[in-house]
Amino acid sequence: MNVQTAPQARAPHVNTATLICGTLVSRDLKRVRHMLEGAFGLQCVQPEPGLLLARDRGFEQGGPKRGQPYWVLEIREVEEIAVEQEMLNHWGMAAPSEAAVDEAYAKLNAAKAEYGIARVQKPRFRNGSYACYFIDEDSNWWELEYRSPDLTYEVLRAKGDLHHD
Amino acid sequence: MAYPTPLLQNDTLSHGTVECSDMVTTRRFLTEFLGLDIHRPVKEAQYMYKGGPWTVVCVRVDGGEAKDQTQDNLFKLSVNSAAEVDAAHEAALRHAEEYGIRKVEPPRDADGLRSFRLQDLNFTWWEISNVALSHYDALFDRGDVAH
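So, here's what we can say about the structure. (Residues numbered from 1 in each chain as written. Chains lettered and ligands numbered in written order. Predicted model: local features only at pLDDT ≥ 70, side-chain atom pairs only at ≥ 80, totals over all residues. Heavy atoms only, no water.)

## Overview of the nonpolar core
In terms of nonpolar packing, the biggest core is built from 63 residues, with A:L36, A:F134 and B:W126 touching the most fellow members. Considering every element that reaches this core, the biggest residue donor is helix 1 (residues 29-39) of chain A, with five residues. Residues A:I20, A:V45, A:V72 and B:V131 belong to the second largest nonpolar core, which totals 14 residues. (Core = buried A, V, L, I, M, F, W, Y, C linked by side-chain atoms within 4.5 Å. Buried < 20%, exposed > 50% of the residue type's maximum accessible area, 1.4 Å probe, protein only. Helix = DSSP H or I, 4+ residues; strand = E, 2+ residues; numbered from the N terminus.)

This is the structure:
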């Protein structure tokens, strides 16, 4: 494979407007819907058999965030999980405090069976956040993290590159 | 709309993650080819975003290759028209070797949307589509379809 590394200044080849959606799979949409709605507080809809969509709450008609951009998770039902996911392939959520992360650890541990959670890791500080990772029964990894105000994604974006190779 | 209180205190979906073997060549693909915005706040990862607050964290895998994902786990990029999907597809075919693009599938039409998929140098799948948030708004507004 010949991969050139010299940078070039020009318009990108793809005129991307939005990074809009991530996809994952589950062997049981009913179970994962209960997790996404009941545990994570997301809004879900099943627009067709075998497909579940999820987004943050508040974007419904008349909702406080209607018209603002949001991220969509698209979950398809499958017979088998072809590739088990690992920690470096996860979906993240933002917690309002470290205490909320600790609370999540305790509550998820106590309710694993109900929400289809296979494993919950103890919260720890890592890479600027305090986070708890948990794995669902489809091997999808999830993270609930708290970032201090100086290390939120928005603040880091504004700072630009802090490291170079 | 009245929602029940969830188990977790979750302010928002904040990010997803992908793996990469080489930060520099991956960044070139993500910015020059896919047109994403990138910044690198830490040595081990670069953060990509476009058009909203959501971030995909690209984490460097030390001492090996990124996981070979299937199309079950991909990221979708929205462009403004079917013509732009086709233009992106042509660009993917033309520049595949330059950017280490491993596979490029033909465009397809479904539910009034046009899209194609490609697998990048890190085995991550991307779908370029003319889907817009209005499409998802309509699906959420319509509610569950009985089956």
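Moving on, there is more to tell.
## Focus on the environment of A:G116
Residue and element names in this part refer to chain A. Inspection of the secondary structure assignment puts G116 in the loop between helix 3 (112-115) and strand 6 (117-120). Residue class for G116 comes out buried when judged on its relative accessible area of 1%. As a C-alpha pair, G116 and I135 span 19 residues in sequence and 8.9 Å in three-dimensional space. Sequence-distant contacts of G116, defined by excluding residues within four places in its chain, comprise R31, D136 and E137. (Contact = heavy atoms within 4.5 Å.)

## Overview of the layout of surface pockets
As a volume, the largest pocket reaches approximately 430 Å³. Contributing to the lining of the largest pocket are 21 residues, with A:R76, B:K76, B:A110, B:D111 and B:L113 lying nearest its centre. Only strand 2 (43-48), strand 3 (51-55) and strand 4 (72-77) of chain A together with strand 7 (108-110), strand 8 (113-119), strand 9 (125-129) and helix 4 (133-142) of chain B provide two or more residues apiece to the lining of the largest pocket. Top element by residues in the lining of the largest pocket is helix 4 of chain B. It accounts for four residues. Considered class by class, the residues forming the lining of the largest pocket number eight nonpolar, three polar and ten charged. Estimates place the volume of the second largest pocket at around 360 Å³. The wall of the second largest pocket is formed by 20 residues, among which A:A94, A:E154, B:T12, B:L13 and B:S14 lie closest to the centre. Among the elements of the structure, strand 9 (141-147) and helix 4 (153-159) of chain A together with strand 1 (12-20) of chain B are those that each provide at least two residues to the lining of the second largest pocket. (1 Å grid on protein atoms, 1.4 Å probe; cavity = no way out; pocket = protein on both sides within 12 Å on 5 of 7 lines; lining within 4 Å. Points joined across faces, edges and corners; volume = space filled by probe spheres on them. Nonpolar A, V, L, I, M, F, W, Y, C, P; charged D, E, K, R; others polar.)

## Some remarks on the pattern of salt bridges
Residue and element names in this part refer to chain B. The final tally for this structure, using the stated rule, is 21 salt bridges over all chains. Among the ionic pairs, D62 bridges to R60, the shortest N-O distance being 3.2 Å. Between E127 and R117 there is a salt bridge, and its shortest N-O distance comes to 2.7 Å. In this pair, E127 sits in strand 9 while R117 sits in strand 8, placing the two residues ten residues apart along the sequence. Note on E127: relative accessible area 5%, which makes it buried. Among the residues examined, R117 registers a relative accessible area of 16% and is labelled buried. (Salt bridge = Lys/Arg side-chain N within 4 Å of Asp/Glu carboxyl O.)

## Let's talk about the environment of A:I75
All names here are of chain A. Its location among the elements puts I75 in strand 4. Looking at I75, the relative accessible area reads 1%, which means it is buried. Spatially, the C-alpha atom of I75 lies 5.9 Å from that of L51, the residues being 24 residues apart in sequence. Residues contacting I75, with those up to four places away along its chain left out, are L24, V25, S26, L29, V32, L36, G50, L51, L52 and A54.

## As for the interface of chain A and chain B
At the junction of the two partners, chain A supplies 92 residues and chain B supplies 89 residues. Both sides of the chain A and chain B interface together cover about 8100 Å² of buried area, and 56% of this is carbon and sulfur. For chain A, the biggest contributors to the area lost against chain B are A:H13, A:L19 and A:R157; these three give 10% of the whole. One can count six salt bridges joining chain A with chain B. Linking chain A with chain B are 54 residue pairs in polar contact (both at pLDDT 80 or more), by the criterion used here. Looking at which element gives the most residues to the side of chain A that touches chain B, the answer is strand 1 (residues 18-26) of chain A, with eight residues. Looking at side-chain class alone, the side of chain A that touches chain B contains 45 nonpolar, 26 polar and 21 charged residues. Bridge count for strand 5 (residues 90-94) of chain A against strand 1 of chain B is four bridges, and the pairing is antiparallel. Each residue of the ladder has a partner; that of A:A94, found in strand 1 of chain B, is B:T12. (Buried area = accessible area lost by both parts, 1.4 Å probe. Polar contact = N/O pair within 3.5 Å; in protein donor to acceptor, adjacent residues only side chain to side chain. Pairing = 2+ DSSP bridges.)

Limitation: the analysis is restricted to geometry and does not speak to function.
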